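# Close look at the chain arrangement
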Amino acid sequence: MSSSESRPVSQSDPFHTVPDTPLQDNPLEILEPPRASYLAQTPETSNSPRGSVVAQSPSNSSPLLPANEKQLNEAFVDEPTHTTQLKKRSLLSRPIFWLITVVVVAVVTLAVVLPVYFLVVKPHQNNSASASPGGAAGGSGSGSGSGGGGGGSPTTGTTGGNGSLVTTSDGTTFTYLNPFGGFWVDDPNDPFNNDAQANSWTPPLNTTWTWGVDKVYGVNLGGLFVLEPFISPALFQQYPTAVDEWTLSTLMAADTANGGLNQLENHYNTFVTEQDIAEMAGAGLNWIRLPIPFWAIEKWDFEPFLEKVSWPYILRLLQWARKYGIRVNLDLHTIPGSQNGYNHSGKLGSINFLNGVMGLANAERTLDYIRIITEFISQPEWQPVVPAFSIVNEALITTFMTLQLTSEVHDMMRGITGYGEGVANWAGFLTGSDRIILDTHPYFAFDGSSNTEPIATGTGLQAGGIWPQSACNTWADSLNTSQTAFGVTIAGEFSAGYNECGLYLTGVGNTVSYGDSCSYYLDASQWNDTMKAGLMEFTLASMDALQDWFFWTWKIGNSSTTNTVQSPLWSYQLGLQNGWIPTDPRAAVGTCAALGVSGQPFNGQYASWQTGGVGAGTIAAASIATYGQYPPSTLSGLIPGANQALLPTYTSTGAVSTLPPPTFTPSPPAAVSVGNGWFDSADTGLAPTAVQGCTYPDAWDAVQVAMPTALCPAGATTAPVITPAPSATGLSVTTSATTTSTTSITLPARRRMWQRGE
């Protein structure tokens, strides 16, 4: 049975197919799917409608990608697959899968969600960097060497530092202002040149990043490739009944007079420009967290999303980050079936990832997408610029009713990348695992409180009312403890939003967040110096408490009704321009101490295995025993008495899509390898696809629906029976993290389907 016969029909798939060759029959080797206003203007630049300084162009950016770049996927055609050859055992039939499938939720005073990140970089080069003047506020800083192998100033290609003129691909120019010693590198003969350095305290891309020494000062690029109503309100105002990307895509596709679904390509092309990335480096930032959708790889026919079009723009963004020396944390923000039911998961509604009748089938697709992304970013061309990968964003463990996370994806990814230097995880949770980061998303805005205490209370240490001390008291000790006891811990999201005010912040139609009571917070032009001082002190305190952080988000688009940003508390760029975000993030260091909040700081030293050293990759037997059960003993979202042996699954007989490399103009010399999108040539397993002749429930709406009454196809091996879980009505659940300690999982006091996730 070929994939074309059995898989849901979708748009033509021009991506390359992994060769279908026999695999080794070793379960440990089998790889299953697992502005800143300080940028000076030149005569060629003008103010952007979104409030930034950008090069003059009709579309606020370069034109849509050239045809040779937009059509780069066409060179990658499916190769025939042969199902008679030896295939990998299904991932979902392997017990170790459950050590890595479900993302864990943890609470540090406030309820937060913890995606888990994997570093993909294999052994690094030796870091010859010296300490930067920033000390604890900075990192290892500059190194020595040139080309692809060392730090320091580049020796080839075009480069520039503070005050240099940058010419973009469409010929427009802007002045690069970076007062922190950063420089950019653009080398057409070596498009994978990693000499660039964001600033003096950040190692160049070709030099080792040292966790515990180097500090993450980052921003999210939310709303660029995964749409959210509050970040791109104009798109949703054009289609007033749209509440998420699913409904927006459906309405756009029907609106052929205005360009149909391809309207989204203009958003990909213009919402974030090269100058935005240059501004980030000039603002002292050194990381980007980049949310991407699974439909950048593919979609299935019953899904309305714009398939694959975003991928060339994702590559363009990665190349811009490389040019300015900024590292990227790639974040798989959407999951088939939705991992949380929020609008930023693709579809507002029910959770169908490891939940409900289609929970296991959706997990099969998810793990294959994780595998495909891992294969791409593990290529040597991309390892330096994408050292971290978030496998799933804000999954609601409350529905999954289990802590069974990380070993199969861990083993699958490490089977691709190899074991080596990287990051760590929870105390006692998968002890010995290789390069896992604990990521918390701390927000006051969504804690269920009214949060009406004033923030405009004075200046200096008197600024911000209760909020700066609240940030320090709430987050500092817990982050220090996590780094000491668990390993590398970051705040993947936080903001200056201490309340839930913002246009569409808690969803289209949820007017509480943009009604009269919030009107003052929707219009930053009303804010006086005291208000800005309060927000600045709160932001500095948050940065100091969190230590390694990504602000959510870099920019908010204008409302079409006011032509202004109406969620200003969430825009880093707008705060830089107007004085409530620091122009040097190192200014945050020491804020909590100055406010009288003391604690035991993390000493910057991790255990060897936590960063890919000795012991990494040898998971403790107790962890395997605790988290290795498959399927989980309880599964939510099924009707009482459901025969879970009949849960639908897919078959691993489909063609695997490979993410194609970029097309460069001009073309680099023939000796320069651009890769083929697939790092591990031994990874030849096939992709999940629907079983021919079988009928499946709605993969995005299968919670509490009737179970199938018979296996399909008849005679297939039955899945192990699992017991339905009770309804998730409590506020906490406690489960063993190891055989000797316990981890308490506390749910948020309030979960709203519209909100940005706690």
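Residues numbered from 1 in each chain as written. Predicted model: local features only at pLDDT ≥ 70, side-chain atom pairs only at ≥ 80, totals over all residues. Heavy atoms only, no water.

In terms of helices and strands, the chain carries 16 helices and 26 strands. When burial is assessed residue by residue, the chain has 64% of its 758 residues classed as buried. Here the chain has roughly 24700 Å² of accessible surface; of this, 55% comes from carbon and sulfur atoms. (Helix = DSSP H or I, 4+ residues; strand = E, 2+ residues; numbered from the N terminus. Buried < 20%, exposed > 50% of the residue type's maximum accessible area, 1.4 Å probe, protein only. Areas by Shrake-Rupley, 256 points an atom, 1.4 Å probe, with all protein chains shown as cover.)

Here we come to the nonpolar core. Counting residues in each nonpolar core, the largest one holds 145 residues, and the members touching the most others are Leu221, Ile277, Leu290, Trp570 and Tyr572. Counting residues per element, this core draws most heavily on helix H8 (residues 359-377), which supplies ten residues. Apart from the residues lying within four places of it in its own chain, the contact partners of Leu221 are Val272, Ile277, Met280, Ile288, Arg289, Leu290, Pro291, Leu317, Thr553 and Trp554. Counting residues in each nonpolar core, the second largest holds eleven residues, with Trp209, Val488, Ile490 and Phe602 among its members. (Core = buried A, V, L, I, M, F, W, Y, C linked by side-chain atoms within 4.5 Å. Contact = heavy atoms within 4.5 Å.)

Of all the six residues making up strand E18 (residues 489-494), six are buried; the element is thus mostly covered by neighbouring parts of the structure. Bridge count for strand E17 (residues 436-440) against E18 is three bridges, and the pairing is parallel. From the neighbouring strand, Thr440 faces E18, where its bridge partner is Ala491. For the handedness criterion, the β-α-β arrangement of E17, helix H11 (residues 467-485) and E18 is classed as right-handed. Alignment of E18 against strand E19 (residues 549-551), held across two bridges, turns out to be parallel. Bridge assignment links Ala491 to a residue of E19, and that residue is Trp549. (Pairing = 2+ DSSP bridges. Right-handed = clockwise from strand over helix to strand, strands pointing away.)

Moving on: helix H13 (residues 529-546). Between its terminal C-alpha atoms H13 stretches 25 Å, which fits the 26 Å expected from 18 residues at 1.5 Å a residue. One side-chain oxygen of the residue at the start of H13 lies 3.1 Å from the amide nitrogen of Thr530, identifying that residue as Asn528. Following H13 by one or two positions, Gln547 has its phi on the positive side, about 75°. (Expected span 1.5 Å × (residues − 1). Polar contact = N/O pair within 3.5 Å; in protein donor to acceptor, adjacent residues only side chain to side chain.)

A few words now on the packing of helix H5 (residues 263-270) against helix H7 (residues 310-323). At a minimum axis distance of 10 Å, the contact between H5 and H7 shows a crossing angle of 0°. Considering the angle they form, H5 stands roughly parallel to H7. Across the interface between the two elements, Glu265, Tyr268 and Asn269 from H5 touch Ser310, Tyr313 and Arg316 from H7. Grouping the amino acids of the contact of H5 with H7 by side-chain chemistry returns two nonpolar, two polar and two charged. (Axes fitted to C-alpha atoms, helices over the stretch in contact; angles between N-to-C directions. Parallel < 35°, antiparallel > 145°, perpendicular 65-115°, else oblique. Nonpolar A, V, L, I, M, F, W, Y, C, P; charged D, E, K, R; others polar.)

It is worth spelling out unusual backbone geometry at this point. Here the residue pair Trp552 and Thr553 is connected by a cis peptide bond, since its omega of 10° sits within 30 degrees of zero. With respect to the helices and strands, Thr553 occurs in the loop between E19 and helix H14 (572-578). A cis amide bond links Thr665 to the next residue, Pro666, at an omega of 0°. Along the chain, the position of Pro666 falls in the loop between strand E22 (657-658) and strand E23 (687-689). In this structure, Gln547 is a non-glycine residue whose phi angle is positive, near 75°. Counting through the fold element by element, Gln547 comes out in the loop between H13 and E19. The class for Gln547 is buried, based on a relative accessible area of 16%.

Turning our attention to the side chain of Asn355. Turning to its location among the elements, Asn355 is positioned in the loop between strand E14 (327-332) and H8. Residue class for Asn355 comes out buried when judged on its relative accessible area of 4%. Within the local environment of Asn355, its side chain forms a polar contact with the backbone oxygen of Ile351, the two atoms lying 2.7 Å apart. Among the polar contacts listed, one links the side chain of Asn355 to the backbone nitrogen of Gly637, at a separation of 3.4 Å.

Scored by pLDDT, the chain comes out at a mean of 76, with 67% of its residues at no less than 70. Confidence drops under pLDDT 50 across residues 142-153; counting only partners more than four residues distant or on other chains, this segment forms 40 contacts. Within the model, pLDDT remains below 50 along residues 399-408, and this stretch shows 62 contacts once partners closer than five positions in the same chain are excluded. (pLDDT = per-residue confidence, 0-100.)

By the definition in use, this model includes three disulfides. There is a disulfide in this structure between Cys501 and Cys518, and the S-S distance comes to 2.0 Å. Because the torsion about its S-S bond is -70°, the bridge between Cys501 and Cys518 counts as left-handed. Taken together, the residues Cys501 in the loop between E18 and helix H12 (519-522) and Cys518 in the loop between E18 and H12 connect sequence positions 17 residues apart. By the burial criterion, Cys501 is buried, and Cys518 matches it. Counting only the cysteines that take part in disulfides, in the order they occur along the chain, gives the pairing 1-4, 2-3, 5-6. (Disulfide = S-S within 2.5 Å.)

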